[in-house]
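Listed below, chain by chain, are the residues.
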Amino acid sequence: MNKITSEGDVNTSSNRKNWQDKNTNYETSCVLRDDEDIFLHQSLSTPCLNVLKKSKGIYLEDISGKIYMDFHGNNVHQVGFGNEDVKNAIINEMEELPFSPRRYTNNSAIILAQKLSDKTNNVLNKVLFSPGATSSIGIAMKLARLVTKKDGFLSFWDSFHGASIDAISLGGTAHFRNGIGSLLTGCEHLIPYNSYRPIFDEDTFLTILDYTLKKHGDIAAFFMETIRNTEVEIPSYKLMKGIRDICTKHNTLLVLDETAIAMGRTGKFFAFEHYDIVPDIVVIGKGLGGGIFPISALLTKDEFNIGQYTSLGHYTHEKSSVGCAAANAAIDFIDNNNILEKTSNMEKFVLDRLNILKNKYEIIGDVRAIGLLFAIELVKDRKTKEKAESEADRILYNCLDLGLSFKVSSGILTLSPPLIIEKHELEKALEILEESIKIENIKLFGGNNNE
């Protein structure tokens, strides 16, 4: 197995150890040790970095009292942590209907299903909930086979669609496959299109997709993240239109996984709205529960309502009254506070600032942004595009010192703040980011030639 040193890959990087040695007090060390002793260790999770005691709005607070702006949030914090509307909806529902047994329905579930359908102009007007998006992906796989009478699935290498055995078979992320052994048969993968490091152009990719679906002949569904959250890979309008047309041509369902990017993250409620297409199935989750309650939804077309004799989901919390109340409140908050418009307006500000940074610092190879989801790709050389992975790691920990948390993976800084963020807070975060990038730029290139 290759040696992995980046924070985005393991929990034991040298930069992490240095940060913890400097920032961890005795109480925190004791809690981290207890956590490490009791929980199974796994990549990307345990051992943990720090111990939290509070989350509110865009901020996290650890048990030593240090405050962080959270531009990661596991993508659940579109309406901010501890949103009062969501909390009140949960409390009210718990007083009346804390649990709804699966044999029954409840008004909160029906209202949520209709709200989600309305967001698609009722084109995707059949809904099924589950406790998490991984489960909804499994439901989508089952439904695709029922609808098409085909067995196979197609997706991208390096994609992520959940952590269960069927979802990791579909996905292409190494961390979730390492040492697991045989996976679900029928799952095929394509090289993903990458706008910054293209192996082929868009037309070639579409030709490959068309050829693959034709030659295989048994692909029930093509799964993809509409916008790849980890790298903020934003497909072009032409590419998404082409993918939609090719799937239709080959009677292959197009399933869009918007678990991390729906609920307004891109400036639209659903990211696919940017492309004037409608998928056959869309899956959303994470922020759907208002950053508090785990709930996911699958939306599909009325014509695919053919699973009456198959238990597609049948989860204990499938129509959770409390979860649906939380989701209803989150959607209402987004609508009532013009969050989509605000997020779209913030995009231009962010992209302008990122391009200024790119022009100033040679370490920045590319910047990408849509809504309030943005990425800075770091390189050691702009011509060779060699990834600056250790530099990205150090930038993360320096930013943590300065009170800013975000995701880092393979030399890419990925930032997704809560959509309630104010402009002055965003400006402060970008200032912290620039200060840390400047330090690494000087180390690599001996200073900033453009200053």
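This section reports on the structure supplied with the text. (Residues numbered from 1 in each chain as written. Predicted model: local features only at pLDDT ≥ 70, side-chain atom pairs only at ≥ 80, totals over all residues. Heavy atoms only, no water.)

## Focus on the packing of aromatic side chains
Line of reasoning, step 1. All chains considered together, the criterion is met by eight aromatic pairs.
Line of reasoning, step 2. Plain terms: the ring middles of Phe153 and Phe223 are 5.9 Å apart, the flat faces sit at 75° to each other, and that makes the pair edge-to-face. Residue Phe153 is located in strand S5 (residues 152–156), and its partner Phe223 is located in strand S7 (residues 219–225); the two are separated by 70 residues in the primary sequence.
Line of reasoning, step 3. Look at Phe153 and you get buried, because its relative accessible area is 1%.
Line of reasoning, step 4. Plain terms: the ring middles of Phe270 and Phe272 are 5.1 Å apart, the flat faces sit at 15° to each other, and that makes the pair stacked. Summarising the burial analysis for this pair, Phe270 and Phe272 share the class buried.
Line of reasoning, step 5. Within the aromatic cluster, the residues linked to one another by ring pairs are Phe156, Phe200, Phe205 and Phe222. (Phe/Tyr/Trp six-rings, centres within 6.5 Å; stacked < 30°, edge-to-face > 60°. Helix = DSSP H or I, 4+ residues; strand = E, 2+ residues; numbered from the N terminus. Buried < 20%, exposed > 50% of the residue type's maximum accessible area, 1.4 Å probe, protein only.)

## Considerations on unusual backbone geometry
Line of reasoning, step 1. Following Thr46, the chain continues into Pro47 via a peptide bond in cis, with omega recorded as 10°.
Line of reasoning, step 2. Looking at where Pro47 falls in the secondary structure, it is placed in the loop between helix H2 (26–38) and strand S1 (52–56).
Line of reasoning, step 3. Positive phi values are uncommon outside glycine, yet Asn122 reaches one of about 60°.
Line of reasoning, step 4. A relative accessible area of 36% places Asn122 in the partly exposed class.

## Some remarks on helix H7 (residues 202–216)
Line of reasoning, step 1. Compared with an ideal rise of 1.5 Å per residue, which puts 15 residues at 21 Å, H7 spans 21 Å between its outermost C-alpha atoms and is within 8% of the ideal.
Line of reasoning, step 2. Burial in H7 covers these residues: Glu202, Phe205, Leu206, Leu209, Asp210, Thr212 and Leu213. An end-on view of H7 places all buried positions within 160° of arc, on one side of the element. In H7, the exposed positions that point more than 90 degrees away from the buried face belong to Thr207, Tyr211, Lys214 and Lys215. (Expected span 1.5 Å × (residues − 1). Arc of directions from axis to C-beta.)

## Here's the deal with the layout of surface pockets
Line of reasoning, step 1. As a volume, the second largest pocket reaches approximately 490 Å³.
Line of reasoning, step 2. Around the second largest pocket, the lining is made up of 20 residues, and of these Val127, Leu128, Asn305, Gly307 and Leu312 lie nearest the centre.
Line of reasoning, step 3. In terms of residue count, the dominant contributor to the lining of the second largest pocket is strand S4 (residues 126–130) (three residues).
Line of reasoning, step 4. Taken together, the residues of the lining of the second largest pocket sort by class into eight nonpolar, nine polar and three charged. (1 Å grid on protein atoms, 1.4 Å probe; cavity = no way out; pocket = protein on both sides within 12 Å on 5 of 7 lines; lining within 4 Å. Points joined across faces, edges and corners; volume = space filled by probe spheres on them. Nonpolar A, V, L, I, M, F, W, Y, C, P; charged D, E, K, R; others polar.)

## A closer look at the side chain of Ser108
Line of reasoning, step 1. In this fold, Ser108 is placed in helix H4 (residues 107–118).
Line of reasoning, step 2. When near neighbours in sequence (up to four residues on either side) are disregarded, Ser108 contacts Glu93, Ser321, Cys324, Ala325 and Asn328. (Contact = heavy atoms within 4.5 Å.)

## Quick look at the sheet that holds strand S10 (residues 296–300)
Line of reasoning, step 1. Taken in spatial order, the seven strands of this open sheet run S4-S10-S9-S8-S7-S5-S6, and their pairing is mixed. At either end of the open sheet lies a strand with only one pairing partner, and these are S4 and strand S6 (187–190). Taken pair by pair, the neighbouring strands of this sheet meet at an average axis angle of 20°, ignoring direction.
Line of reasoning, step 2. Strand direction decides the pairing type here: strand S9 (residues 281–284) and S10, joined by four bridges, are antiparallel. Paired with Val282 across the two strands is Leu299, which belongs to S10.
Line of reasoning, step 3. Strands S4, S5, S6, S7, strand S8 (253–257), S9 and S10 of the sheet are contacted by helix H5 (residues 133–148), whose axis makes an angle of about 20° with S10.
Line of reasoning, step 4. The sheet contacts of H7 involve S5, S6 and S7, and relative to S6 the element is tilted by about 160°. (Pairing = 2+ DSSP bridges. Axes fitted to C-alpha atoms, helices over the stretch in contact; angles between N-to-C directions.)

## Thoughts on H2
Line of reasoning, step 1. When the terminal C-alpha atoms of H2 are compared, their 19 Å separation across 13 residues agrees well with the 18 Å that a helix rising 1.5 Å per residue should span.
Line of reasoning, step 2. Three or more residues of H2 are buried, namely Thr28, Cys30, Leu32 and Asp35.
Line of reasoning, step 3. For H2, the capping residue at the N-terminal end is Asn25, with a side-chain oxygen 3.4 Å from the backbone nitrogen of Glu27. (Polar contact = N/O pair within 3.5 Å; in protein donor to acceptor, adjacent residues only side chain to side chain.)

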